[in-house]
Amino acid sequence: MAEDTDQAKGTAGFLFEMGMLKRAKRSGWWIAGVKDPETIAEHSFRVGLIGSVLAMMEGADPAKTALLGLWHDTQETRVSDIPHVGRRYLDATSNEKVTADQVSAAHPAVRAGAQRIVEEYETGDSLEVICAHDADKLECLIQAVEYREQGCANVQGWIDSSLEKLKTASAQALAEAALNMTSVEWQKTYLS
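The residue count restarts for each chain, going from 1 along the sequence in the order it is written. Given that the model is predicted, a residue must reach a pLDDT of at least 70 before its local features are reported, and side-chain atom pairs must reach 80 or more before they are shown or counted; all residues, however, enter totals for whole chains, interfaces and linings. Calculation of side-chain values draws on the structure's entire complement of heavy atoms; hydrogens and water are dropped beforehand.

Novice: Talk me through the overall build of the protein; I want residue IDs and the actual numbers.
Specialist: Strands here are runs of E lasting at least two residues and helices are runs of H or I lasting at least four, both read from the DSSP assignment and numbered beginning at the N terminus. Helix and strand counts for the protein stand at twelve helices and zero strands. Sequence-ordered secondary structure for the protein, helices as α and strands as β, is α-α-α-α-α-α-α-α-α-α-α-α. All radius of gyration figures rest on C-alpha atoms, and the globule criterion is 2.2 Å times the number of residues raised to 0.38. Here the protein has a C-alpha radius of gyration of 18 Å; the compact-globule value for 192 residues is 16 Å, and the two agree. By principal-axis analysis of the C-alpha atoms, the protein measures approximately 60 × 35 × 35 Å. Type-normalised accessible area, obtained with a 1.4 Å probe on protein chains alone, sets the label of each residue: buried when under 20%, exposed when over 50%, and partly exposed for intermediate values. Classification of the 192 residues of the protein by burial places 40% in the buried group. Contacts: residue pairs with any heavy atoms within 4.5 Å of one another. In the protein, of all internal contacts separated by at least 6 residues, the share reaching a separation of at least 24 is 67%. Taken as a whole, the protein presents about 10800 Å² of accessible surface, with 57% of it coming from carbon and sulfur. Per-residue and other accessible areas were derived by the Shrake-Rupley procedure at a 1.4 Å probe size, with only the shown protein chains allowed to occlude residues.

So this is what it looks like as structure tokens:
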């Protein structure tokens, strides 16, 4: 009974920790001059959604792809969102190690599941993993387009680097479409 209580407490603690992602900002955008950038949770939500869409388009499992995308930045509660320019000065612990620490007191099934998801995202090569990685890059590109529309002119580097890393034809097509429309153009379909 005490073990069950401890595991429930450890699992609940992990869930509280994940709530930090709703408050933690994606710090790379500050370099571009964005005063109030999106949070890690906001980014991860759209990564999961984009991943499921890409998986549908590419014939992969949308639920698995969305799950990979949802978990891809959970480690940032511990190691923060370090911009790429800052990473060259740090020897970071692997995301797999951070996740193992994060769920060390959780229910055994949660420990095993979390570690399996993060390891697959970090080292896997399935179509779902490829779609999840593309979703991360495509979300960054779309967010950069939105920031550019809001007057932040220094985002082209994020657009270019995201675009060049896309692997699937579907992600490349969606990126091209996003670059050739406004972020509110979607409503024209319903307002005309």
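Novice: I'd like a description of the packing of aromatic side chains, backed by residues and values.
Specialist: Ring pairs are drawn from Phe, Tyr and Trp, using the six-membered ring of Trp, whenever the two centres fall within 6.5 Å, and their geometry is named by plane angle: stacked under 30 degrees, edge-to-face over 60, tilted for the rest. As enumerated under the stated definition, the model contains three aromatic pairs in all. Taken together, the ring pairs connect W29, Y147 and W158 into an aromatic cluster.

Novice: Quick rundown of the nonpolar core? Include the residues and the values.
Specialist: By nonpolar core is meant a set of buried Ala, Val, Leu, Ile, Met, Phe, Trp, Tyr and Cys residues that side-chain atoms within 4.5 Å join together. Counting residues in each nonpolar core, the largest one holds 23 residues, and the members touching the most others are W29, L54, L138, L141 and V155. Those elements that place two or more of their residues in this core are helix 3 (40-58), helix 9 (127-149) and helix 11 (169-179). For this core, the leading source of residues is helix 9, giving eight residues. In this structure, L138 is in contact with I50, L54, L166, A171, L174 and A175, ignoring residues within four places of it in sequence. Core analysis: the next-biggest nonpolar cluster, separate from the first, contains 14 residues, M18, V103, V118 and V129 among them.

Novice: Which residues make up a nonpolar patch on the surface, and what values go with them?
Specialist: Residues V184, W186, Y190 and L191 make up a contiguous nonpolar surface patch of roughly 530 Å² in combined accessible area. Tracing the chain through its elements places W186 in the loop between helix 11 and helix 12 (188-191). Within the patch definition used here, like charges are joined within 9 Å and nonpolar side chains (Val, Leu, Ile, Met, Phe, Trp, Tyr) within 5 Å, considering only residues with over 30% relative accessible area and no salt bridge. By definition here, a salt bridge exists when the distance from a side-chain nitrogen of Lys or Arg to a carboxyl oxygen of Asp or Glu is within 4 Å.

Novice: Before we move on, can you summarise the packing of helix 9 against helix 11 with the specific residues and values?
Specialist: Note on geometry: axes are lines fitted to C-alpha atoms, helical ones only across the stretch in contact, with angles between N-to-C directions running from 0 to 180 degrees. Contact pair helix 9 / helix 11: the axes reach a minimum separation of 10 Å and the direction vectors enclose 5°. Regarding the angle of helix 9 to helix 11, the classification is roughly parallel. Two secondary-structure elements touch here, helix 9 through D134, L138, L141, I142, V145 and R148 and helix 11 through A171, L174, A175, A178 and L179. Considering only residue class, the contact of helix 9 with helix 11 consists of nine nonpolar, no polar and two charged. Reported orientations rely on four angle classes, namely roughly parallel under 35 degrees, roughly antiparallel over 145, roughly perpendicular from 65 to 115, and oblique for the rest. Three residue categories are used. Nonpolar comprises Ala, Val, Leu, Ile, Met, Phe, Trp, Tyr, Cys and Pro, charged comprises Asp, Glu, Lys and Arg, and polar comprises the others, including Gly.

Novice: Which residues make up the layout of surface pockets, and what are the values?
Specialist: The rule is simple: put a 1 Å grid over the protein atoms alone, call a set of points where a 1.4 Å probe fits but cannot get out a cavity, call an open set with protein on both sides within 12 Å along at least five of seven lines a pocket, and count a residue as lining if it has an atom within 4 Å of a point. Grid points are joined across faces, edges and corners, and a volume is the space filled by probe spheres set on the points. When its volume is computed, the largest pocket comes out at roughly 1000 Å³. Around the largest pocket sit 39 residues that line it, and I82, H84, R87, D136 and K137 are the ones nearest its centre. Broken down by secondary-structure element, the contributors of at least two residues to the lining of the largest pocket are helix 2 (28-31), helix 5 (76-79), helix 6 (84-87), helix 7 (95-102), helix 8 (108-123), helix 9 and helix 10 (156-165). No other element matches helix 9, which puts seven residues into the lining of the largest pocket. The residue inventory of the lining of the largest pocket, partitioned by class, reads 14 nonpolar, 14 polar and eleven charged. Around the second largest pocket, the lining is made up of 16 residues, and of these R46, I142, L174, A178 and M181 lie nearest the centre. The residue inventory of the lining of the second largest pocket, partitioned by class, reads eleven nonpolar, two polar and three charged.

Shape descriptors only; they carry no functional weight alone.
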